[in-house]
Amino acid sequence: MIARDRGCVAPGCDRPPEWCDAHHLVHWSDGGATSIDNTALLCGYHHTLVHQGEWTARMIDGIPPPWIDPARDPQRNALHLCGSCEAS
């Protein structure tokens, strides 16, 4: 996860991996696997927002709440990308 996400996946967040937790994209209580394919790094602040229903986390991007973007278009955190990383 650290190699893939490089820090909190929330758009615009600059928190490094050391400040993040693994978040189950499909919640463990709903049968989601504890695997790299079902987890993403989120800092404590954004992890709380996801669990409160403000944000929706996905593998590649996040979906902001309507008060940030009424269209709820997916947003990607490009801050952690490097020259050899792609934002596709």
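Values in this document were obtained by computation on a predicted structure and should not be read as measured data.

As for the nonpolar core
In step 1: Counting 13 residues, the largest nonpolar core has Cys-8, Cys-13, Cys-20, Leu-42, Cys-43 and Val-50 as the members making the most contacts within it.
In step 2: Elements supplying a minimum of two residues to this core: β2 (39-43) and α2 (44-51).
In step 3: No other element matches the four residues that β2 contributes to this core.

Quick notes on α2
In step 1: Residues His-46, His-47, Leu-49 and Val-50 constitute the buried set of α2. Down the axis, α2 shows its buried residues gathered within 160° of arc, on one side only. Within α2, the exposed residues directed more than 90 degrees away from the buried face are Tyr-45 and His-51.
In step 2: Against the buried residues of α2 lie β1 (20-24), β2 and β3 (56-57).
In step 3: A positive backbone phi angle near 90° is found at Gly-53, which sits one or two residues after α2.

Cut-offs used in this document
For every chain, the first residue of its written sequence is number 1, and the numbers climb from 1 along that sequence. Note on the predicted model: pLDDT of at least 70 is required for a residue's local features to be given, and 80 or more for side-chain atom pairs to be given and counted; whole-chain, interface and lining totals, by contrast, use all residues. Note that the side-chain values use all heavy atoms of the structure and ignore hydrogens as well as water. Side-chain atoms within 4.5 Å link the members of a nonpolar core, which is a set of buried Ala, Val, Leu, Ile, Met, Phe, Trp, Tyr and Cys residues. Exposure is judged per residue with a 1.4 Å probe applied to protein chains only, and the accessible area is read against the type maximum: over 50% gives exposed, under 20% gives buried, and values in between give partly exposed. Comment: elements are numbered from the N terminus, with helices defined as DSSP H or I runs of at least four residues and strands as E runs of at least two. Taking the helix axis as origin, the arc is that swept by the directions to the C-beta atoms. Only heavy atoms matter for contacts: two residues are in contact if any of them lie within 4.5 Å across the pair.

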